[in-house]
Amino acid sequence: MARPQRFIDDEGKRLDGRKPDEIRPVKMQVGVLSNADGSALVEYGLTKVLAAVYGPKESQKSISLPDRASLRVRYHMAPFSTEERKNPAPSRREVELSKVLRESLEPIVITDYFPRTSIDIFIEVLQSDGGTRTVGATAASLALADAGIPMKALVAGVAIGKVDNVLIVDLNEVEDMYGDADMPIVAAPDLGQITLYQLNGVLSKEEFHNAIDMAMKVINKLVDIEKETLRNSYKEAGEE
Amino acid sequence: MSFSLKNDVVVPGEIVAQQEEFVEGEGVYVDQETGFLRSAFLGKIAIDLNNKMISVNTHKKLKLPKKNSIVLCSVSSVKENIIFVDIFGVIVLYPRPKWEHEFSSPLSGAILSNQIGIDKYNDLTEIVKPGDIILAKVISSTNPFNLSLKGPQFGVIYSMCSKCGEVMTPINNDQLKCPKCGNVEKRKISNLATSKLLKIDMKKTIMIPP
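### Focus: the overall build of chain B
- Each helix and strand counted, chain B has zero helices and 18 strands in total.
- Here chain B holds 210 residues, and 44% of them are scored as buried.
- Here the contacts in chain B between residues at least 6 apart in sequence split such that 51% fall between residues at least 24 apart.
- Per element, the accessible surface of chain B, about 11,200 Å² overall, is 50% carbon and sulfur.

### A few points about the packing of helix α1 (residues 92-105) of chain A against helix α2 (residues 132-147) of chain A
Residue and element names in this part refer to chain A.
- With their axes 11 Å apart at the nearest point, α1 and α2 run at an angle of 45° to one another. As summarised for this structure, α1 and α2 are arranged oblique, according to the angle between their axes. The element α1 and its partner α2 pack so that their crossing is right-handed. For the pair α1 and α2, contact is made by R93, L97, L101 and L105 and by T132, R133, A137, A140, S141 and L144, respectively.

### Thoughts on the interface of chain A and chain B
- At the interface, 30 residues of chain A touch 29 residues of chain B.
- Between chain A and chain B, the buried area comes to about 2,500 Å², and carbon and sulfur atoms account for 58% of it.
- When the buried area of chain A at its contact with chain B is split by residue, E58, R231 and Y234 of chain A rank highest and sum to 29% of it.
- Along the contact surface separating chain A from chain B lie one salt bridge.
- The residue E14 of chain B makes a salt bridge to R231 of chain A at a minimum N-O spacing of 2.6 Å.
- Joining chain A to chain B, the criterion identifies seven residue pairs in polar contact (both at pLDDT 80 or more).
- At the level of secondary structure, the elements contributing two or more residues to the side of chain A that touches chain B comprise β3 (47-58), α2 and α4 (205-239) of chain A.
- Ranked by residue count, the leading element in the side of chain A that touches chain B is α4 of chain A, at six residues.
- In the side of chain A that touches chain B, the residues fall into 16 nonpolar, five polar and nine charged.

### A few points about the pattern of salt bridges
Residue and element names in this part refer to chain A.
- Evaluated as defined, the whole model comprises 24 salt bridges over all chains.
- Across the salt bridge formed by D170 and R24, the nearest N and O atoms sit 2.9 Å from each other. Of the two residues, D170 is situated in the loop between β7 (166-169) and α3 (173-178) and R24 in the segment before β1 (26-30); the sequence distance between them amounts to 146 residues. Exposure class is identical for D170 and R24. Each is buried.
- The shortest N-O distance in the salt bridge between K99 and E103 comes to 3.3 Å. One end of the pair, K99, and the other, E103, are both in helix α1, four residues apart, so they sit about a helical turn from each other.
- On the basis of relative accessible area, K99 is assigned to the partly exposed category, the value being 39%.
- Looking at E103, the relative accessible area reads 35%, which means it is partly exposed.
- Bridged by salt links that share partners, the residues R14, D16, R18, R24, D129, D170 and E175 form one connected network.

### Some remarks on α2 of chain A
Residues and elements named next belong to chain A.
- Here α2 is 16 residues long and its end C-alpha atoms lie 22 Å apart, about the 22 Å a rise of 1.5 Å per residue gives.
- When you tally the buried positions in α2, you get 16 out of 16 residues, the bulk of the element.
- Two residues or fewer after α2 comes G148, characterised by a positive phi angle close to 80°.

### Looking at the sheet that holds strand β7 (residues 53-58) of chain B
All names here are of chain B.
- Taken together, the four strands give an open sheet; going across it, the order is β1-β6-β7-β3, and neighbouring strands pair in mixed fashion. Strands at the two margins of the open sheet, each flanked by one partner only, are β1 (9-10) and β3 (23-24).
- Relative to β7, strand β6 (residues 43-48) runs antiparallel, the two being bridged by six bridges. Within the sheet, the bridge partner assigned to A46 lies in β7 and is S55.

### Comments concerning the environment of P66 of chain A
Residue and element names in this part refer to chain A.
- Looking at the element boundaries, P66 is found in the loop between β3 and β4 (70-77).
- Separated by 50 residues in the primary sequence, P66 and R116 have C-alpha atoms spaced 5.4 Å apart.
- Apart from the residues within four sequence positions on either side, P66 is in contact with P115 and R116.

### Structural notes on α1 of chain A
Residues and elements named next belong to chain A.
- Between its first and last C-alpha atoms α1 spans 20 Å; for 14 residues at 1.5 Å apiece the expected length is 20 Å, and the two agree.
- Turning to α1, its buried residues number three or more, namely E94, L97, S98, V100, L101, S104 and L105.
- For α1, the elements touching its buried residues are β4, β5 (117-127), α2 and β9 (193-197).

### Let's talk about the domain arrangement of chain B
- Assigned domains of chain B: these are domain 1 (4-57) and domain 2 (70-206).
- Using only C-alpha atoms to locate each centre, domain 1 of chain B and domain 2 of chain B end up separated by 40 Å.

### Examining unusual backbone geometry
- Of note, the amide linkage connecting G55 of chain A to P56 of chain A takes the cis form, showing an omega dihedral of 0°.
- Within the chain, R116 of chain A stands out as a residue other than glycine whose phi angle is a positive 65°.
- Within the secondary structure, R116 of chain A sits in the loop between α1 and β5.
- Classification of R116 of chain A by relative accessible area gives partly exposed; the value is 34%.
- Positive phi outside glycine occurs at K52 of chain B, with the angle close to 55°.

### What about the nonpolar core?
- Ranked by internal contacts, the top residues of the largest apolar core, which has 116 residues, are I121 of chain A together with L147 of chain B.
- Sorting elements by how many residues they give to this core places α4 of chain A first, with 10 residues.
- Filtering out sequence-adjacent residues up to four positions away, I121 of chain A remains in contact with A52, V53, L71, R72, V73, R74, L105, A140 and L144 of chain A.
- In this structure, F7, I8, I168 and V174 of chain A belong to the second largest nonpolar core, which totals seven residues.

Cut-offs applied
Residues numbered from 1 in each chain as written. Chains lettered and ligands numbered in written order. Predicted model: local features only at pLDDT ≥ 70, side-chain atom pairs only at ≥ 80, totals over all residues. Heavy atoms only, no water. Helix = DSSP H or I, 4+ residues; strand = E, 2+ residues; numbered from the N terminus. Buried < 20%, exposed > 50% of the residue type's maximum accessible area, 1.4 Å probe, protein only. Contact = heavy atoms within 4.5 Å. Areas by Shrake-Rupley, 256 points an atom, 1.4 Å probe, with all protein chains shown as cover. Axes fitted to C-alpha atoms, helices over the stretch in contact; angles between N-to-C directions. Parallel < 35°, antiparallel > 145°, perpendicular 65-115°, else oblique. Left-handed = near helix turned anticlockwise from the far one by under 90°. Buried area = accessible area lost by both parts, 1.4 Å probe. Salt bridge = Lys/Arg side-chain N within 4 Å of Asp/Glu carboxyl O. Polar contact = N/O pair within 3.5 Å; in protein donor to acceptor, adjacent residues only side chain to side chain. Nonpolar A, V, L, I, M, F, W, Y, C, P; charged D, E, K, R; others polar. Expected span 1.5 Å × (residues − 1). Pairing = 2+ DSSP bridges. Domains from an automatic or database assignment. Core = buried A, V, L, I, M, F, W, Y, C linked by side-chain atoms within 4.5 Å.

In structure tokens:
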């Protein structure tokens, strides 16, 4: 992929025809895996992430906590998820993202209900087109709710970026790679908490505040879609 | 102020009531910052007006034993005043015994010597021995689970001879006899051990209802 000459054309549209504050088409599905206690498949445009939750189950002594459950998160990109084959061994980036995602989910899971147990969360990127960590957080939150694990709230994630001095939401691969800034945010709008926040690149103070506002607006919308998906899954389960 | 909910199916984090209105029941937690009662699960709201309690019933039950549930476990070790067990799953006895749910990996549990239900014994190995399959009742629902053997239906339901390994059959209330070598051993035996309704396959650790 080469660097495009311009990210935003004269009509104010981005490379894939979106407006700066427009997200890619979102698709969410829960209960896609029958072996897992809870699972979800989330797509933002071409990015496709599968999340599976197992547990709570008895944890190994080394990671067991006396007063609450421990979360184990594994973020992994499938070898076929990128343009060139990715080595399936966990890279430094994936290990770091696993830790960051674990910390973004820990505040919303009510872990003190299950001391000395562990909850396993597997986040598998099936197709990558930018923003995989934010889609992963959304999928993990849905899968946790589907597994029936007590949660304080649902979270969703979105990335805010800057290209050609314009703030854009939900970056794709090209915008992520050649843009001036990339700021993934995961938040729980019901509680008004931001649980994951990272920033690559440079934003001014004003841009930063605008970016947070934009992100919260989008995350509100995403959490509404999550709620709708969960309600529909509940109705379907009731009909059977 | 009362909240009119759009639908009775709630998702995690959704406000179900205010703290002044109801006491939080199962599946509801108090948001300390705002004083709202929020749902912790995906489920349906259930309101108990007598006790002013609001709870959320989930469609997916977590696979963990609760207080008073009956569990099937195998004895892993017997110490001086404590018995350690691996819990395989929760079973329901009536109308006929069957799994309520089976765990993917066994959970650990413990039976203290004051929860045996028998006063006179010299040694805990007269109650159970490592390798026995037992029925027990859960008395605390946090890990590690405390279990109790008090009651006639709790105790050993499947045991193997410590000399030759053959499955032993109960001859009276507290004795088992090996059909192969004639060895007699002492145990606390469940009154369901002779029941035809309960069949245990040790190799699969699966109970097969006949």
